There are 2 protein chains.
Amino acid sequence: MDRNAPVGVFDSGVGGLTVAREIMRQLPEERIIYFGDTARLPYGSKSRDTVIRYSRQIIRFLRTMDVKAIVIACNTASSYALETVQAETDIPVIGVINAGARTAVKSTHNGKIGVIGTEGTIGSGIYTEVMRKMRPDIKVYGKSCPLFVPLVEEGLLHDSVTDEIASRYLSELKGKYIDTLVLGCTHYPLLRSTLRRLMGEEVTLVNPAYETALELRSLLRQQKLDRPESSLEEEKYQFFVSDLAEKFTSFATAILPGQVKETRKIHIEEY
Amino acid sequence: MDRNAPVGVFDSGVGGLTVAREIMRQLPEERIIYFGDTARLPYGSKSRDTVIRYSRQIIRFLRTMDVKAIVIACNTASSYALETVQAETDIPVIGVINAGARTAVKSTHNGKIGVIGTEGTIGSGIYTEVMRKMRPDIKVYGKSCPLFVPLVEEGLLHDSVTDEIASRYLSELKGKYIDTLVLGCTHYPLLRSTLRRLMGEEVTLVNPAYETALELRSLLRQQKLDRPESSLEEEKYQFFVSDLAEKFTSFATAILPGQVKETRKIHIEEY
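Keep in mind that what you see is a predicted model, and the values were worked out from it rather than measured.

Asks: Hey, could you run me through the interface of chain A and chain B in this one?
Replies: It is common to report an interface's size as the accessible area lost on association of the parts. In this assembly, 34 residues from chain A lie in contact with 34 residues from chain B. Contact with chain B buries surface across chain A, with R53(A), L147(A) and E269(A) losing the most and accounting together for 20% of the total. Where chain A touches chain B, the interface holds six salt bridges. With its nearest N and O atoms 3.9 Å apart, the salt bridge here joins D49(A) to K265(B).

Asks: Could you clarify how one ought to interpret the sheet that holds strand 8 (residues 204–206) of chain B in this entry?
Replies: The strands making up a sheet are joined through hydrogen bonds of the backbone, oriented either antiparallel or parallel. Residues and elements named next belong to chain B. Taken together, four strands build an open sheet; the order of strands is 6-5-7-8 and the sheet is parallel. Only two strands of the sheet have a single neighbouring strand rather than two, namely strand 6 (139–144) and strand 8. Adjacent strand axes in the sheet meet at a mean angle of 20° when their direction is disregarded. Pairing analysis gives three bridges linking strand 7 (residues 180–183) to strand 8, with the strands arranged parallel. Note that in strand 8 the partner of V182 across the bridge is V206.

Asks: Would you explain the nonpolar core in this entry?
Replies: In a soluble, globular protein the nonpolar side chains are often hidden away together inside. In this structure, I116(A), F148(A), L181(A), I116(B), F148(B) and L181(B) are the most contacted members of the largest nonpolar core, which totals 50 residues. Secondary structure elements with two or more residues in this core: helix 7 (148–153), helix 8 (160–174), strand 7 (180–183) and helix 9 (192–199) of chain A together with helix 7 (148–153), helix 8 (160–174), strand 7 and helix 9 (192–199) of chain B.

Asks: Help me out: how do you make sense of the pattern of salt bridges in this one?
Replies: Where charged atoms of side chains with opposite charge meet at close range, the side chains can pair. Evaluation of the coordinates by the stated rule reveals 40 salt bridges over all chains. Here R168(B) ties to D159(A) by a salt bridge, and the two come within 2.8 Å at their closest N and O atoms. Taken as a pair, R168(B) in helix 8 and D159(A) in the loop between helix 7 and helix 8 lie in two separate chains rather than in one. A relative accessible area of 30% means that R168(B) is categorised as partly exposed.

Asks: Just to check I follow, could you spell out the packing of aromatic side chains for this structure?
Replies: When we look at a pair of aromatic rings, we describe it by the centre distance and by the angle of the planes. Across all of its chains, the model carries 18 aromatic pairs over all chains by this definition. Here the aromatic rings of F148(A) and Y188(A) are separated by 5.2 Å at their centres, their planes lie at 90°, and the arrangement is edge-to-face. In this pair, F148(A) sits in helix 7 while Y188(A) sits in the loop between strand 7 and helix 9, placing the two residues 40 residues apart along the sequence. Both residues of the pair, F148(A) and Y188(A), belong to the buried class. Relative to Y169(B), the ring of F148(B) has its centre 5.2 Å away and its plane inclined at 85°; by these criteria the two rings are edge-to-face. Taken together, the residues F148(B) in helix 7 and Y169(B) in helix 8 connect sequence positions 21 residues apart.

So, how was this worked out
- Residues numbered from 1 in each chain as written.
- Chains lettered and ligands numbered in written order.
- Predicted model: local features only at pLDDT ≥ 70, side-chain atom pairs only at ≥ 80, totals over all residues.
- Heavy atoms only, no water.
- Contact = heavy atoms within 4.5 Å.
- Buried area = accessible area lost by both parts, 1.4 Å probe.
- Salt bridge = Lys/Arg side-chain N within 4 Å of Asp/Glu carboxyl O.
- Pairing = 2+ DSSP bridges.
- Helix = DSSP H or I, 4+ residues; strand = E, 2+ residues; numbered from the N terminus.
- Axes fitted to C-alpha atoms, helices over the stretch in contact; angles between N-to-C directions.
- Core = buried A, V, L, I, M, F, W, Y, C linked by side-chain atoms within 4.5 Å.
- Buried < 20%, exposed > 50% of the residue type's maximum accessible area, 1.4 Å probe, protein only.
- Phe/Tyr/Trp six-rings, centres within 6.5 Å; stacked < 30°, edge-to-face > 60°.

Dropping the structure here:
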């Protein structure tokens, strides 16, 4: 495997760009191929079977781009598909769940952790399962927040309606006296200030993106797949979507440090 | 063509069931094959190309069930795909736009009509185009309401948050003194009481489902495709989806007059 090959990163849409951004920051020498499944998003309300099928198609596409490793930058796809696709794929594949779970378990003092995410992620119970394996006495309280993604996509990041909805979603978790809250969906860090205000300063908010980039770095080093040095190159970061390439480009330019020049549209169902 | 063949009805999900329900009421002798594209919903935020590709696949699937006519029970797909698929298909295909537009034009007294719908439907400008062809002096004001579908799917039909969002979306239209409002998305009739309260009694709310069923009836009669009489049959109404068949079954049972026994899941991307 070529150490200069790119890392593949995928998500149902733009949310995974928060993970890509962390990889760019922490592993500045690595090349990235990003895919957002904008023709079939969202994943959070779809079934396990469907999300596994979609993930397999995306991995087949990324392999045609000769990636050396794959990051599933979507909590729902990580919940449902990670184990299955790891078993089928001969390059390393990591998700965002383990990293988020590990940080939360390290951070908690009272052993009470809240997790918010899509219906798929919360319904799968995966965060509870993974955290209990790390520390069996931990108490995990999950809460799905289906309106957060549409509210973020509508741009209502700082808005009374978002406050009201967030306050309803979080009241149950507040009643459990959690001291750590995992933002188990890549859109949620964009609501950080609202969540911070509602949960109070004493609750640690965990964004799995940061630790996922760390995990990728140690994995690449360990397998001698890390890129020795960066070179000047035209297409260090390449972006692909299944729909609405231009809309994606402007969103990506807003989230990422540099200008995104171009996003290419592909027919993902052909893979 | 067999007059006893079923009518195909499709939507991105459950919304089109409000159209299917009208067909069941007004054309009780007809058989129906319903397809909901639950693996790829929503359509309202996706591109014209993608919605046309999805509609073509669904029509290929419905043709394998030997339908005699097709109703596109989704405003976004009607906006983007109707003309294209009509030109490619040798059986009658109708959408929901014409029927809704016709009712609105008939109903208005002051010539000012509002249309609410998804970003796709409103962005396409199709309601304006169709209504202006019917009556060139008419003024049409479109407003996309992207949060209505998630709010309905979250069950917040009668809720202060829905009131607040609806009030923001509609304030612009109220300022135009419209006397008729087209509910240009099949989910919106479920918000009728909120919309009614906000718009006031003097504004007529138009639900295209009713008139679409009327249009289907006259079309079938005219082409001698109407079913002469109903027989007792096991599978008068058949339901297919691309994901989450059980969830669909319970939703359909809540919306339709009779019990829905079974929904079958198919892989729509193979068509």
